[in-house]
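# Architecture at a glance
Single-letter residue listing:
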Amino acid sequence: MRFDQLTDRNEAWVWNVFDLYFLFVYFCPALYLCRDFRYKRFAERLAQLEEAEGAFDYFTLSYRSFGIQRRSDNGLVLREWAPGAEAVFLTGDFNSWEKQSHPFTQKEYGKWELYLSPKVDKSPAIKHLTKLKVLNTSRHLMASYNICIIQCSLYQYKHLKPPRPSSLRIYEAHVGISSPEEKIASYRNFTRDVLPRIKDLGYNCVQLMAIMEHAYYASFGYQVTNFFAASSRFGTPDDLKHLVDTAHSMGITVLLDMVHSHASSNTEDGLNYFDGTDSCFFHGGSRGNHSLWGSRLFNYSSWEVVRFLLSNLRWWMEEYHFDGFRFDAVTSMLYHHHGIGTSFSGNYSEYFGIHVDEDALVYLMLANHILHKLYPQCITVAEDVSGMPGLCRSIEEGGLGFDYRLTMAVPDKWIQVLKEVRDEDWDLKNIVQTLTNRRRGEASITYAESHDQALVGDKSLAFWLMDKEMYTNMSALTAMTPVIDRGIQLHKLIRLLTHSLGGEGYLNFMGNEFGHPEWLDFPRKGNNESYHYARRQFNLVDIEHLRYRQLYAFDRDMNLTEDKYGWLAAGQAAVTTLNQADKVIVFERSNLLFIFNFHPCNSYIDYRVAVEHAGKYPFTRALQKTSTL
């Protein structure tokens, strides 16, 4: 784009970008320049919001004035933002789907409004569970958006939110697959059957996936069609509120998997072409389309898009009492290239330049600022594969303000080792480097595997280790085979090493704690719409003679031991021994001495290791019951 094609609103800051990046990047400390520049843009944007709207608190509560709102007299006010529309209508069951009988009135700044007075009997003009459609006409086409009106929830929360954990142990979960049965499980099923397991396992946080409404079940919830709706396929809004409330009663923090990186390209039930144009909520043209995901990309420079997204965060916090968010696909947001075809080496030139989407970056700073100001105990986690510096530093320091980042290289490393390297050839130095290669001063959540490794096309750690023998040799009533013996022990060692050395928080995907067999595959045409692999077989843990119970018990004891000693909240471990020949790793953390022997054949007696303080170091009993480390 030529400079003379830029709008007046954007021109000044674009020239600042060029001044900073091209004139100074090779002659000044670029990190500090960009830090100050980013903070300045954030502060200017925040000041603009507060000046125009009164306060960011009011601005982020816009969900109370947009959409369908019921007044005290049961009158209904409908307000939408559709700047490209020439006319807006409401149709549905209530008017026999007459398309033009209920027109909206056009207001300023692309807003449209409709008021429906209550009926003669003082009841709302539109009753509970009525199906509606907003019709927007423009010069280009007629767009529509499906709605189902639901009465205001009367659910009364009974329990306060638990204190923010100092050591975050996350159980990543998907409600729909949380049953051994071949069906879509419900919020109530999860509350009754899964939350007690999470508590028993020693996890103090559950991260819920696929809660934001999505039409395509197999998208894993990452193709959102309605940002202000909890997925109805799992139950009612009150059912989800009861789930969160029950988790809080158990002392379990609840995070929502938040998808603000992109949106479904659906037009009937999504935001795409909402006002009849391709640039309402999204960038117009090719910039507004993700080339790999087939989804739409938000325009974070738009005032109303920022209102929509920030209000969305407030809505989930206020309406459903979530304790924070795991922001999905942050890498795609941060860069104009969205990480596609890009290999990040850690060079600072990869993180500062015109390839960075500064509007998206400032939006994330605003989101973190508002969440932490209004909800001081709120937890935000960034899924970023690039290693953006300052992602988890405070906004005042020029950071983006996240509390944690995911260490996405760790599960990839474990899969690569198990897939390509013999046990005796494991490069422990490389493994330890991967586990400890994180930015100091920026907290990380580490994991040996997540939902990504469980999906069809890949294998979980347990499946890589034991493969088909999991179908025939997991019974304690038969002799232990070498494959199962090796698999169980390495499964324990890998998870404990990752847990204790890899970060300031830990994450496990549901079922992987006990070595869930098979992969995860949602019903689709390619598998004849089968639910056989879209489930978690918790029943395997309840069968006493199956060895899955051993892995479950180890995972529980590992978490309970961390809860006792708090190594996740301690500083980064000091690795004192890394013996490649002996396959031994030794490190100290939180006044504990960790000794790992990964040798496939050798055991050691009187093995000498360095320690900071002389004395006796008794074996940790919590792990002794289920492990032979």
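This structure is a prediction, so every number in the text was calculated from the model and none was measured.

In this section: the sheet that holds strand 5 (residues 111-116). Ordered in space as 1-2-5-4, the four strands form an open sheet in which the pairing is antiparallel. Only two strands of the sheet have a single neighbouring strand rather than two, namely strand 1 (67-70) and strand 4 (105-106). Bridge count between strand 1 and strand 2 (residues 76-81): four bridges; the pairing is antiparallel. Residue pairing in the sheet places glutamine 69 in a bridge with valine 77 of strand 2.

As a further point, take helix 4 (residues 187-201). The end-to-end C-alpha distance of helix 4 is 20 Å, a good match for the 21 Å that 15 residues give at a rise of 1.5 Å each. The principal kink in helix 4, of about 40 degrees, is found at valine 194, preceding the proline proline 196 by one to four residues. As for helix 4, its buried residues are in contact with strand 8 (168-174), strand 9 (205-209), strand 11 (226-230), helix 5 (237-249) and helix 14 (548-565). Residue glycine 202 follows helix 4 closely and has a positive phi angle near 90 degrees.

The subject of this paragraph is the pattern of salt bridges. Overall, the coordinates contain 35 salt bridges when judged by the stated rule. The closest approach of N and O atoms between glutamate 318 and arginine 314, which form a salt bridge, is 3.4 Å. Placement of the pair is glutamate 318 and arginine 314 together in helix 6 (residues 303-320), with a separation of four residues, close to one helical turn. Its relative accessible area of 5% is what places arginine 314 among the buried residues. Counted as one network, the salt bridges with shared partners bring together Glu53, Lys111, Glu304 and Arg307.

This part covers the nonpolar core. Soluble globular proteins: nonpolar side chains tend toward being buried together. Grouped together as the largest cluster of nonpolar side chains are 156 residues, with contacts concentrated most on Phe190, Leu208 and Trp316. In this view, tryptophan 316 contacts Ile211, Met212, Phe227, Ala229, Ala230, Leu240, Leu256, Met258, His321, Phe322 and Phe325; residues no more than four positions away in its chain are not counted. In terms of nonpolar packing, the next biggest core, distinct from the first, is built from 12 residues, Cys205, Leu255, Leu406 and Leu507 among them.

Next up on the list: the packing of aromatic side chains. Applying the stated criterion to the full structure yields 43 aromatic pairs. Relative to phenylalanine 298, the ring of phenylalanine 282 has its centre 5.2 Å away and its plane inclined at 40 degrees; by these criteria the two rings are tilted. A residue pair is termed long-range when its members are at least 10 positions apart, and phenylalanine 282 in the loop between strand 12 (253-258) and helix 6 and phenylalanine 298 in the loop between strand 12 and helix 6 qualify at 16 residues. Note on accessibility: phenylalanine 282 and phenylalanine 298 belong to one class, buried. Over the ring of tyrosine 320 we find lysine 241; its NZ or CZ atom is 5.3 Å from the centre of that ring. When the ring centre of tryptophan 464 is taken as reference, the NZ or CZ atom of lysine 459 above it lies at 4.7 Å.

Below, the discussion takes up the packing of helix 13 (residues 482-501) against helix 14. Running from N to C, helix 13 and helix 14 point in directions that differ by 20 degrees, and their axes come no closer than 11 Å. Classed by the angle they form, the pair helix 13 and helix 14 counts as roughly parallel. The chirality of how helix 13 crosses helix 14 is right-handed. Residues Ile488, His491, Lys492, Arg495, Leu496 and His499 of helix 13 touch helix 14, and the partners they reach there are Gln550, Leu551, Phe554, Asp555, Met558, Asn559 and Glu562. A breakdown of the residues in the contact of helix 13 with helix 14 according to their chemical character gives five nonpolar, four polar and four charged.

As a further point, take the sheet that holds strand 19 (residues 584-589). Taken in spatial order, the three strands of this open sheet run 18-19-20, and their pairing is antiparallel. Strand pairing shows two members of the sheet lacking a second neighbour, strand 18 (574-579) and strand 20 (592-597), which therefore form its edges. Neighbour to neighbour, the strand axes of the sheet diverge by 10 degrees on average, direction disregarded. Lying over the sheet, helix 10 (residues 428-436) contacts strand 18 and strand 19, oriented at roughly 160 degrees with respect to strand 18.

Summarising the element assignment, leucine 46 is placed in helix 2 (residues 30-53). The spacing of leucine 46 and phenylalanine 56 is 10 residues in sequence and 7.6 Å in space, taken between C-alpha atoms. Beyond its immediate sequence surroundings of up to four residues, leucine 46 is in contact with Phe56, Leu366 and His369.

With phi around 55 degrees, alanine 329 is a residue other than glycine that occupies positive phi space. With respect to the helices and strands, alanine 329 occurs in the loop between strand 13 (324-327) and helix 7 (330-334). In this model, aspartate 606 sits at a positive phi of 55 degrees, which is unusual for a non-glycine residue. One can find aspartate 606 in the loop between strand 20 and helix 15 (621-624). A relative accessible area of 71% places aspartate 606 in the exposed class.

This chain's UniProt record puts "active site" (unreviewed entry) on Asp328 and Glu383. These annotated residues cover 56 residues of sequence, and their C-alpha atoms all fall within 5.4 Å of one another, placing them together at a single site. Along the chain, aspartate 328 turns up in the loop between strand 13 and helix 7. Excluding anything up to four places from it in sequence, aspartate 328 contacts Tyr222, Asp257, Met258, Val259, Ser261, His262, Met333 and Glu383. Engagement of the side chain of aspartate 328 in a polar contact is seen with the side chain of arginine 326, the distance being 2.9 Å. By secondary structure assignment, the location of glutamate 383 is in the loop between strand 14 (379-382) and strand 15 (404-406). For glutamate 383, a relative accessible area of 12% puts it in the buried group.

The first and last C-alpha atoms of helix 9 (residues 409-420) sit 16 Å apart over 12 residues, in line with the 16 Å expected at 1.5 Å per residue. Here helix 9 has its buried residues at Val410, Pro411, Lys413, Trp414, Ile415, Val417 and Leu418. Looking at the packing, one finds that the buried side of helix 9 touches helix 10, strand 16 (444-446), helix 11 (451-454), helix 12 (461-466) and helix 13.

The next point concerns the environment of alanine 43. Positionally, alanine 43 belongs in helix 2. The spatial distance from the C-alpha of alanine 43 to the C-alpha of arginine 422 is 53 Å, given a sequence separation of 379 residues.

Rules and cut-offs
- Residues numbered from 1 in each chain as written.
- Predicted model: local features only at pLDDT ≥ 70, side-chain atom pairs only at ≥ 80, totals over all residues.
- Heavy atoms only, no water.
- Pairing = 2+ DSSP bridges.
- Helix = DSSP H or I, 4+ residues; strand = E, 2+ residues; numbered from the N terminus.
- Expected span 1.5 Å × (residues − 1).
- Bend = angle between axes of the 7 residues up to and from the residue.
- Contact = heavy atoms within 4.5 Å.
- Salt bridge = Lys/Arg side-chain N within 4 Å of Asp/Glu carboxyl O.
- Buried < 20%, exposed > 50% of the residue type's maximum accessible area, 1.4 Å probe, protein only.
- Core = buried A, V, L, I, M, F, W, Y, C linked by side-chain atoms within 4.5 Å.
- Phe/Tyr/Trp six-rings, centres within 6.5 Å; stacked < 30°, edge-to-face > 60°.
- Lys NZ or Arg CZ within 6 Å of the ring centre and 35° of its normal.
- Axes fitted to C-alpha atoms, helices over the stretch in contact; angles between N-to-C directions.
- Parallel < 35°, antiparallel > 145°, perpendicular 65-115°, else oblique.
- Left-handed = near helix turned anticlockwise from the far one by under 90°.
- Nonpolar A, V, L, I, M, F, W, Y, C, P; charged D, E, K, R; others polar.
- UniProt positions renumbered as here; feature names shortened; annotations may be inferred.
- Polar contact = N/O pair within 3.5 Å; in protein donor to acceptor, adjacent residues only side chain to side chain.

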